[in-house]
Amino acid sequence: MSENMKFKRKVLSRKKIISSFLVVLVLSLCLGGFMYGLADSFEDFADIRILQIGFLVLFPLFTVIMWVPLCLGGGQIYDMREDALVIIPAYKDRRKWNMILHVLCNDDVTPFLQEIRYEDIDHAKFTVDRKAGVWGLSRYTYLLKLYNEKELFMTLYINPMDNGILLPAGKGGIVLSGFRTSEDILNMMQLLMAGGIRLEDPHHILDAMKRKDIEIYDYLESLQIKRRY
């Protein structure tokens, strides 16, 4: 297999963690500042200063702790080799913070990667999850479901580039990391099939991605998949 057909993108690095932290911090400070100004209008309350300190200090701190792990979500494909998938599993938040601190110190995510050999996968299903987005739009996350001979044993989450800045993925991280263009996704699926995995595409999404005359968001909307909230 030619080198340019191999798919690899570093989805977690020190730079991405710092970038995600700064974006979340700035957004939370802006919102905290707005709430600070709103609280300032209630001058009759004796404890208003305590409330304002909470908006400017505690709210941003709480937001960073809650949202940074979501920006660097698991269930992501880290590397695709000729014989195996290498992934960042969907860890619990406590384990994610261990991973984040390790990468900040070492800029290396290797100890937290998991390898899934193609020979252990009987077949895979490529489908999509739909959630409510802003302004009445939908937000989509592609799901790559891996099966052994008996049952589903893992679901990987792929964040499409089509979501845009204000349409984060349903699971597996918001758009600060893990972007995937349609070309990326097609290459990924070709690598899986080249590894001998039978790939099911019940919604024919991959066929739609190959056509330049189809807007993939409009195609997904035409499927009328039940929207989750």
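Structure: see above.
The structure presented is a predicted model; accordingly, all values stated were derived computationally and were not measured.

Quick word on the overall build of the chain
Within the chain, the regular secondary structure consists of 6 helices and 8 strands. Secondary structure elements in the chain, listed N-terminal to C-terminal, are α-α-β-β-α-β-β-β-β-β-α-β-α-α. Counting all 229 residues of the chain, 43% fall into the buried class. For the chain, restricting intrachain contacts to residue pairs at least 6 apart in sequence, the fraction spanning at least 24 positions comes to 60%.

Concerning a nonpolar patch on the surface
There is a patch of nonpolar side chains on the surface, built from Ile18, Phe21, Leu22, Leu101 and Leu104 and spanning about 410 Å² of accessible area. The set of elements that each furnish at least two residues to the nonpolar patch consists of helix H1 (14-39) and helix H3 (93-106). Element by element, the count of residues in the nonpolar patch is highest for H1, at 3 residues. Topologically, Leu101 is positioned in helix H3. Residue class for Leu101 comes out partly exposed when judged on its relative accessible area of 47%.

Focus on the packing of aromatic side chains
Per the counting criterion, the structure on display carries 3 aromatic pairs. Pairing Tyr91 with Phe112 gives two aromatic rings, centres 6.3 Å apart and planes at 80°, and the pair type is edge-to-face. Linking Tyr91 in the loop between strand S2 (84-88) and H3 with Phe112 in the loop between H3 and strand S3 (114-117), this pair joins segments that are 21 residues apart in sequence. Phe112 sits in the buried class, given a relative accessible area of 7%. Relative to Tyr217, the ring of Tyr140 has its centre 5.9 Å away and its plane inclined at 75°; by these criteria the two rings are edge-to-face.

Description of helix H4 (residues 182-194)
For H4, spanning 13 residues, the distance from its first C-alpha to its last is 18 Å, which sits close to the expected 18 Å at 1.5 Å a residue. Turning to H4, its buried residues number three or more, namely Asp184, Ile185, Leu186, Asn187, Met188, Met189, Leu191 and Leu192. Remark: Gly196 follows H4 within two positions and exhibits a positive phi of approximately 90°.

A look at the pattern of salt bridges
Summed over all chains, the structure comprises 9 salt bridges. Where Asp83 meets Arg117, a salt bridge forms, and the shortest distance between an N and an O atom there is 3.3 Å. In this pair, Asp83 is assigned in the loop between strand S1 (76-80) and S2 and Arg117 in strand S3, connecting sequence segments 34 residues apart. Residue classification places Asp83 among the partly exposed positions, given a relative accessible area of 30%. One salt bridge connects Arg117 with Glu115, and the closest N-O pair in it is separated by 3.6 Å. Each of Arg81, Asp83, Glu115, Arg117 and Glu119 takes part in a single network of salt bridges with overlapping partners.

Some details on H3
With 14 residues, H3 extends 20 Å from end C-alpha to end C-alpha; this agrees with the ideal 20 Å at 1.5 Å per step. All of the buried residues in H3 are Lys96, Met99, Ile100 and Val103. Down the axis of H3, the sector holding all buried residues measures 100°, keeping them to one side. Turned more than 90 degrees off the buried face of H3, the exposed positions are Arg94 and Cys105.

Details of the nonpolar core
Counting residues in each nonpolar core, the largest one holds 34 residues, and the members touching the most others are Leu85, Phe126, Tyr142, Leu144 and Met189. Looking at this core, the elements with two or more residues in it are S1, S2, strand S4 (123-132), strand S5 (138-147), strand S6 (152-160), H4, helix H5 (205-210) and helix H6 (216-222). Top element by residues in this core is H4. It accounts for 6 residues. Beyond its immediate sequence surroundings of up to four residues, Phe126 is in contact with Tyr142, Leu143, Ile158, Ile185, Met189, Leu199, Glu200, Asp201, Pro202, Ile205, Leu206 and Met209.

About the criteria used
- Residues numbered from 1 in each chain as written.
- Predicted model: local features only at pLDDT ≥ 70, side-chain atom pairs only at ≥ 80, totals over all residues.
- Heavy atoms only, no water.
- Helix = DSSP H or I, 4+ residues; strand = E, 2+ residues; numbered from the N terminus.
- Buried < 20%, exposed > 50% of the residue type's maximum accessible area, 1.4 Å probe, protein only.
- Contact = heavy atoms within 4.5 Å.
- Patch = residues over 30% accessible without salt bridge, like charges linked within 9 Å, V, L, I, M, F, W, Y side chains within 5 Å.
- Areas by Shrake-Rupley, 256 points an atom, 1.4 Å probe, with all protein chains shown as cover.
- Salt bridge = Lys/Arg side-chain N within 4 Å of Asp/Glu carboxyl O.
- Phe/Tyr/Trp six-rings, centres within 6.5 Å; stacked < 30°, edge-to-face > 60°.
- Expected span 1.5 Å × (residues − 1).
- Arc of directions from axis to C-beta.
- Core = buried A, V, L, I, M, F, W, Y, C linked by side-chain atoms within 4.5 Å.

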